[in-house]
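Listed below are the residues making up each chain.
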Amino acid sequence: MRYKGLQSYTEADSANFKGRSSETKELLDMLHTNDVVVCYAASGEGKSSLINAGLCPLLRKELVLPIHITFNETDFLNEKTDFDSLILGRIADTVDKMNETITDQDSQIGFVPDEILIERLGPNLYKELDNIAWWKLRMGHICNNYQTFMPLLIFDQFEEIFSNSKSDVWINGFFQWYSSFCSTSLPEQINDAVWNIYGDTFDYLLLVPQNKVKTLFSLRNDYIGDLDYWCNQRYKITALKDTRYLLKPLMKGGAEEILDLSDFNKEIKNKIISYVCRDESQPCISALILSVLCTVLSADSRTDISCMSDLSVLIEDFYRDKISVLDTADVHELECSLVGEKNNRLRIPFNADRFKNLRIRDGKFVDLNDRTINLDVFKILRLNNSYYIELVHDCLCPIVSKKKMQYIEELADMKDQAERQKKNVLTSVWLAGHLFFFVYSLFCFYGPVVSARIGWNFSGMGDMCFGLLLYIPAIVALYTSSSFLKNNINKWDVWLYAFSEILLLINIFYLNDKTDYITERIGNRFFYY
């Protein structure tokens, strides 16, 4: 695939990575002269693609071994992270993954300890020190039977430690570890371990670092302030301040080089250039926008871009088109999990039990019938023999976050509707009860009075007065219950309802006391008059 849409280019795509040749050379030159380099740029300018498809192939020719270090949500939850163990684990995963593609046993890469140091220090102490990243990378060797490689640790998307970590404790732990790791002098931890056993009898010149280790950090430019705080104010790591490379936006010449990969005719190419580069002296709108535009046009074989969506919604349309192949429940599960509270991208472990029709097989999305699903907007990573998933780019976070909020609002509306239905049922039952009580009271008290053939006597008037005391609150209760049922409630309805209920309760107790009396009067009026 010539164009990757929202996905970053990988080393395998290096032949199709165009438009950044001068930037690749500039970054390579910085790594030649510095052990630590920070590459930063605006979101969507292609930092990851520059490193993966532009820089890494050149580094391998120089016997530099790129090792990508990434962190996941599980890592960020542990405030007492052992960074030596974590980093060495990531390095081991990278080496194992590379060896899977190498069929020649002599060409497979591994860690080789220093035999002289094992003899001088003893196997037990050397094994203990070998669990420290500084020692393993500087005192041992990464090599195969033919060559020795210099490790380059690449912390791509480094802004995640600021956006995804749960507290400053984790960030502090990382920079504390890195301030010791990037030092070329012997760390106190190692010096103390050797001193405690050998004291001043050991030849400490043997502990001078034998190998260089380089580090490349890549992050969005809006997190440079966070990096400055930790590397300048909290820890004096001058290399993180002094050796920085700003990846500038793509210019017209780079955009034309990218379009040369396509089969578009000259007219279409000129239209695209005018679409993304308004002025020749100004940078393009975004390398990401150009990538998505070329991907969509290539897939649809369009010849007229005037019918394309506005650029502001182009990525959203592209995203919706890609997820249309998924079950709605799976889309909801993904979108509610992959964006955090800070509108940041999350990397989460893939749990098949949470999805209806989505699985991962051999690093690819498949359905329940093992048919491959092309989801270019989600990325799969394998860490610690487990699969993790994330959005392919930060530009999707506002889109997914918006949909996530819509789901939350829909769930809230459904909950409110269920509560209203429940209240309506209860109010209806309550209303029916009052209506029954009203009719029953009418039969008990007014029946005998109305059926009297001769005018009203004092006893009849007494029944009528008692009936009024009972019917008035019953009628009021019926009215206020209907108000509750219509959800047209004001404070006077509430007070009136409460007052009527109290009167009804009093009269009900009175009615219970008069049961025999009422029965006697009903019998006398109807059967013995």
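Above this note sits the structure.
For every chain, the first residue of the written sequence is number 1, and numbering continues from 1 along that sequence. Thresholds applied to this predicted model are a pLDDT of at least 70 for local features of residues and 80 or more for the giving and counting of side-chain atom pairs; totals over whole chains, interfaces and linings are not thresholded and use all residues. To get the side-chain values, all heavy atoms of the structure are used, and hydrogens and water are removed first.

## Description of the overall build of the protein chain
Here comes step 1: Secondary structure follows DSSP: runs of H or I at least 4 residues long count as helices, runs of E at least 2 residues long count as strands, and numbering of each begins at the N terminus. Looking only at helices and strands, one finds 21 helices and 12 strands in the protein chain.
Here comes step 2: Note on classification: 1.4 Å probe, protein chains only; a residue is buried when its accessible area is under 20% of the maximum for its type, exposed when over 50%, partly exposed between these limits. When the 529 residues of the protein chain are sorted by exposure, 47% land in the buried category.
Here comes step 3: The contact definition used throughout considers only heavy atoms, calling two residues in contact when any of these lie within 4.5 Å. In the protein chain, the proportion of contacts linking residues at least 24 apart, taken out of those at least 6 apart, comes to 74%.
Here comes step 4: Split by element, the accessible area of the protein chain, about 28200 Å² in all, is 54% carbon and sulfur. Residue burial considers only the protein chains on display, and all accessible areas are found by Shrake-Rupley using a 1.4 Å probe.

## Notes on the nonpolar core
Here comes step 1: By nonpolar core we mean a set of buried residues, namely Ala, Val, Leu, Ile, Met, Phe, Trp, Tyr and Cys, connected to one another through side-chain atoms within 4.5 Å. Ranked by size, the top nonpolar core spans 75 residues in total, and within it L6, F378 and L396 carry the most contacts.
Here comes step 2: Ranked by residue count, the leading element in this core is helix 15 (residues 287-300), at 9 residues.
Here comes step 3: Beyond its immediate chain neighbours, meaning those up to four positions away, L396 contacts L6, I315, Y319, V377 and L391.
Here comes step 4: Formed by 56 residues, the second largest nonpolar core is a distinct cluster that contains I67, L117, F174 and W230.

## Quick notes on helix 17 (residues 328-337)
Here comes step 1: Listed in full, the buried residues belonging to helix 17 are D330, V331, L334, E335 and S337.
Here comes step 2: Definition of a polar contact: a pair of N or O atoms within 3.5 Å, with one able to donate and the other able to accept a hydrogen when the atoms are protein atoms, and with sequence-neighbouring residues admitted only if both atoms are side-chain atoms. A side-chain oxygen of the first residue of helix 17 lies 2.9 Å from the backbone nitrogen of A329; this N-cap is D327.

## Examining unusual backbone geometry
Here comes step 1: If you check the backbone angles, L63 has positive phi at about 60° while not being a glycine.
Here comes step 2: Mapping L63 onto the fold places it in the loop between helix 2 (47-61) and strand 2 (64-68).
Here comes step 3: The backbone phi angle of Q157 is positive, close to 55°, even though this residue is not glycine.
Here comes step 4: Inspection of the secondary structure assignment puts Q157 in the loop between strand 5 (148-155) and helix 8 (160-163).
Here comes step 5: Exposure remark for Q157: the relative accessible area of 10% places this residue in the buried category.

## Concerning the pattern of salt bridges
Between side chains of opposite charge, a pair can form when the charged atoms approach closely.
Here comes step 1: Whenever a carboxyl oxygen of Asp or Glu lies within 4 Å of a side-chain nitrogen of Lys or Arg, that contact is scored as a salt bridge. Here the structure, examined in full by the defined rule, presents 23 salt bridges.
Here comes step 2: A salt bridge links R2 to D263, with the shortest nitrogen-to-oxygen separation between them at 3.1 Å. In this pair, R2 sits in the segment before helix 1 (21-33) while D263 sits in the loop between helix 13 (252-259) and helix 14 (266-276), placing the two residues 261 residues apart along the sequence.
Here comes step 3: Residue classification places R2 among the partly exposed positions, given a relative accessible area of 37%.

## A short note on the pairing of strand 6 (residues 214-220)
Remark: a regular strand shows side chains that alternate across the two faces of the sheet.
Here comes step 1: Counting buried residues in strand 6 gives 7 out of 7 residues, a clear majority hidden from the surface.
Here comes step 2: Alternating residues of strand 6 divide into K214, L216, S218 and R220 and T215, F217 and L219, and every residue in both groups is buried.
Here comes step 3: Should DSSP find at least two bridges between two strands, the strands are taken to pair. Bridge count for strand 5 against strand 6 is 4 bridges, and the pairing is parallel. Counterpart to L152 in the pairing with strand 6 is K214.

## Considerations on a negative patch on the surface
Here comes step 1: Candidates for patches are residues over 30% relative accessible area with no salt bridge; among them, like charges are joined within 9 Å and nonpolar side chains (Val, Leu, Ile, Met, Phe, Trp, Tyr) within 5 Å. Here the positive residues are Lys and Arg and the negative ones are Asp and Glu; neither His nor the chain ends is included. Note that the charge is assigned to NZ on lysines, CZ on arginines, CG on aspartates and CD on glutamates. Negative charge collects at one region of the surface, where E409, E410, D413, D416 and E419 lie side by side.
Here comes step 2: Topologically, D413 is positioned in helix 18 (residues 397-451).

## Considerations on the packing of aromatic side chains
Here comes step 1: Aromatic contacts are taken between Phe, Tyr and Trp rings whose centres are within 6.5 Å, Trp giving its six-membered ring; a plane angle under 30 degrees counts as stacked, one over 60 as edge-to-face, and the others as tilted. If you walk through the whole model with that rule in mind, you get 33 aromatic pairs.
Here comes step 2: When the ring of F155 is compared with that of F158, the centres are 6.1 Å apart and the planes differ by 75°; the resulting orientation is edge-to-face. Here F155 matches F158 in class, with each residue buried.
Here comes step 3: Charge over a ring is defined by NZ of Lys or CZ of Arg lying within 6 Å of the ring centre and within 35 degrees of the ring normal. Seen from the ring of F111, K136 lies directly overhead, with NZ or CZ sitting 4.7 Å from the centre.
Here comes step 4: Of note, R138 hangs over the ring of F181, and the distance from its end group to the ring centre comes to 5.2 Å.

## Some remarks on the side chain of D84
Here comes step 1: Residue placement: D84 occurs in helix 4 (residues 83-100).
Here comes step 2: Polar side-chain contacts of D84 include one of 3.0 Å to the backbone nitrogen of A133.
Here comes step 3: The residues contacting D84, other than those within four sequence positions of it, are N131, I132, A133, W134, W177 and Q189.

## Remarks on the packing of helix 1 against helix 2
Here comes step 1: Axes here mean lines fitted to C-alpha atoms, for a helix over just the part in contact, with angles spanning 0 to 180 degrees between N-to-C directions. Two numbers describe how helix 1 lies on helix 2: the axes approach to 10 Å, and their chain directions differ by 55°. With respect to each other, helix 1 and helix 2 are oriented oblique. As for the relative orientation of helix 1 and helix 2, their crossing is right-handed in sense. Residues E23, T24, L27, L28 and L31 of helix 1 form the contact with helix 2, whose own contacting residues are L50, I51, G54, L55, L58 and L59. If an angle is under 35 degrees, it is roughly parallel; if it is over 145, roughly antiparallel; if it lies from 65 to 115, roughly perpendicular; otherwise it is oblique. By definition, any crossing whose near helix is turned counterclockwise from its far helix by less than a right angle is left-handed, and any crossing with a clockwise turn is right-handed.

## Brief notes about the pairing of strand 5
Here comes step 1: Most of strand 5 sits out of view: 6 of its 8 residues are buried.
Here comes step 2: Across 5 bridges, strand 2 lies against strand 5 in parallel orientation. Bridge pairing links L65 to P151 in strand 5.
Here comes step 3: As paired elements, strand 4 (residues 141-143) and strand 5 share 2 bridges and run antiparallel to each other. Residue pairing for strand 5: I142 is matched across the bridge by F149.
Here comes step 4: Between strand 4 and the antiparallel strand that follows it, strand 5, lie 4 residues.

## Quick word on the environment of D13
Here comes step 1: Mapped onto the elements of the fold, D13 is located in the segment before helix 1.
Here comes step 2: With 36 residues separating them in the primary sequence, D13 and S49 have C-alpha atoms 9.1 Å apart.
Here comes step 3: Non-local contacts of D13, meaning those with residues more than four positions away in its chain, are made with K4, S8 and A53.

Any functional reading would require information that these geometric values do not contain.
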